[in-house]
Each structure stands twice: as C-alpha cells, then as structure tokens.
Amino acid sequence: MCLAYASGKGEATDFVEISDGLLLFANGAVAGPLIASVLMDRFGTGHVFVFTSVVHGVMALWTYWAYSAAQFVTPDERSEYVLMTRTSPNTIAIDPRADTVSPGTTERRAEEGTD
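Described in the following lines is the structure provided in the data block. The structure presented is a predicted model; accordingly, all values stated were derived computationally and were not measured.

**Notes on the overall build of the protein**
Secondary structure assignment for the protein yields five helices and two strands. Ordering the α and β elements of the protein from the N terminus gives α-α-α-α-α-β-β. Classification of the 115 residues of the protein by burial places 7% in the buried group. Long-range contacts, defined as pairs at least 24 residues apart, comprise 19% of the intrachain contacts of the protein with a sequence gap of at least 6.

**As for a negative patch on the surface**
Together, Glu11, Asp14, Glu17 and Asp20 make up a negatively charged patch on the protein surface. Residue Glu11 is classed as exposed on the basis of its relative accessible area, which comes to 56%.

**Notes on the layout of surface pockets**
By volume, the largest pocket amounts to about 750 Å³. What lines the largest pocket is a set of 22 residues, and nearest its centre among them are Ser7, Gly8, Lys9, Gly10 and Val73. When residues of the lining of the largest pocket are traced back to their parent elements, those giving at least two are helix H1 (2–9), helix H2 (15–22) and helix H4 (47–69). Per element, the largest residue contribution to the lining of the largest pocket is five residues, and it comes from H1.

**Description of the packing of helix H3 (residues 27–43) against H4**
Viewed as axis vectors pointing N to C, H3 and H4 meet at an angle of 140 degrees, and their least axial separation amounts to 8 Å. One finds that H3 runs oblique with respect to H4. Once H3 is placed against H4, the crossing between them reads as right-handed. Facing Gly32, Ile35, Ala36, Leu39, Met40 and Phe43 of H3, the residues of H4 in contact are His47, Val48 and Phe51.

**Structural notes on a nonpolar patch on the surface**
There is a patch of nonpolar side chains on the surface, built from Met1, Tyr5, Val55, Met59, Trp62 and Trp65 and spanning about 570 Å² of accessible area. With four residues, the single largest contributor to the nonpolar patch is H4. With respect to the helices, strands and loops of the structure, Trp65 is situated in helix H4. We classify Trp65 as partly exposed; its relative accessible area is 49%.

Reading the values: rules and limits
Counting restarts for each chain, with residues numbered from 1 along the sequence as it is written. It should be noted that, the model being predicted, local features are given only for residues of pLDDT at least 70 and side-chain atom pairs only at 80 or more, the latter also being counted only at that level, while totals for whole chains, interfaces and linings use all residues. Hydrogens and water are ignored here; the side-chain numbers use all heavy atoms of the structure. A run of DSSP states H or I qualifies as a helix once it reaches four residues; a run of E qualifies as a strand once it reaches two. Both are numbered from the N-terminal end. To sort residues, take the accessible area from a 1.4 Å probe on protein chains only and compare it with the maximum for the residue type: under 20% means buried, over 50% means exposed, and anything in between is partly exposed. Here, residues are in contact when the closest pair of their heavy atoms is within 4.5 Å. For patches, a residue must show more than 30% relative accessible area and have no salt bridge; joins then use 9 Å for like charges and 5 Å for nonpolar side chains, namely Val, Leu, Ile, Met, Phe, Trp and Tyr. Per-residue accessibility takes into account occlusion by the displayed protein chains alone, with areas from the Shrake-Rupley method and a 1.4 Å probe. Salt bridges, as used here, are contacts in which a Lys or Arg side-chain nitrogen is within 4 Å of a carboxyl oxygen on Asp or Glu. Note on charges: Lys and Arg go in the positive column, Asp and Glu in the negative column, and His and the chain ends are not counted at all. By convention, the point assigned to a charge is CZ for Arg, NZ for Lys, CD for Glu and CG for Asp. The distinction between a cavity and a pocket rests on a 1 Å grid over the protein atoms alone: a 1.4 Å probe fits inside a cavity but cannot get out, while a pocket stays open yet meets protein on both sides within 12 Å along at least five of seven lines, and a residue with an atom within 4 Å of a point counts as lining. Grid points are joined across faces, edges and corners, and a volume is the space filled by probe spheres set on the points. For helices, the fitted axis covers only the stretch in contact; all axes are lines through C-alpha atoms, and the angles between them, taken along N-to-C directions, range from 0 to 180 degrees. Under this scheme an angle from 65 to 115 degrees is roughly perpendicular, one under 35 degrees roughly parallel, and one over 145 degrees roughly antiparallel; angles in between are oblique. Rotating anticlockwise by less than a right angle from the far helix to the near helix defines a left-handed crossing, while the corresponding clockwise rotation defines a right-handed one.

Rendered as structure tokens:
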C-alpha cells in the first residue's frame, strides 16, 4: 500500500529512490511483533487483538486522510503504458533449440544447414 501511494505521488524517474526509502518501513515488520509480544507478556494474550485493532485503526485513518487529500492525475498527465516482455530476448539467443536471432532485431532466421 505504501509503495503504490508513494509511486503515485512521485515522478516516474524517482521509482528507485522511492522503493529504497520504503525499505525503512520494513522496520514495522520487525517492531510490530516485538511490541505485540511485550503487550501480551505484560497484559495477557488478549491484548494482541487490541494492538492489531489499534494498528488497523491508524491505517484506516491514514488511508482516509490520504484519499481525501489526494490530487488525482488527470488522463492528460498520465504517462503512456509500455508493454514489456516477461523475459529478455537474449534468452532466445542462448537456447540451443531456438532459431538464431540477429543482434538488435527481433527477426528470426533459420540456422543454415538445418531443416
């Protein structure tokens, strides 16, 4: 959710920096269970649900605030979608079963001497 929100607000060229900065939020994945275990140890096992409720409540409030303060991108400001292949064309070049591919082209030609 954080990555989608931050990527939507940032420039297309800032994607790497945004992803790098969001690694900081991974600390929550470490701190959350530690805080929950301390609450359970001190106040009983039922407080894990209190902790979960508080965390989800904060997330819901943040989502409501972020959505209400959002400035959506108009269709004219959107960048064009670029379809990317799932694999590199270079994998075809190293596959002995494939026809050869000329470097810099997507055109295939049959190996000479093969049927």
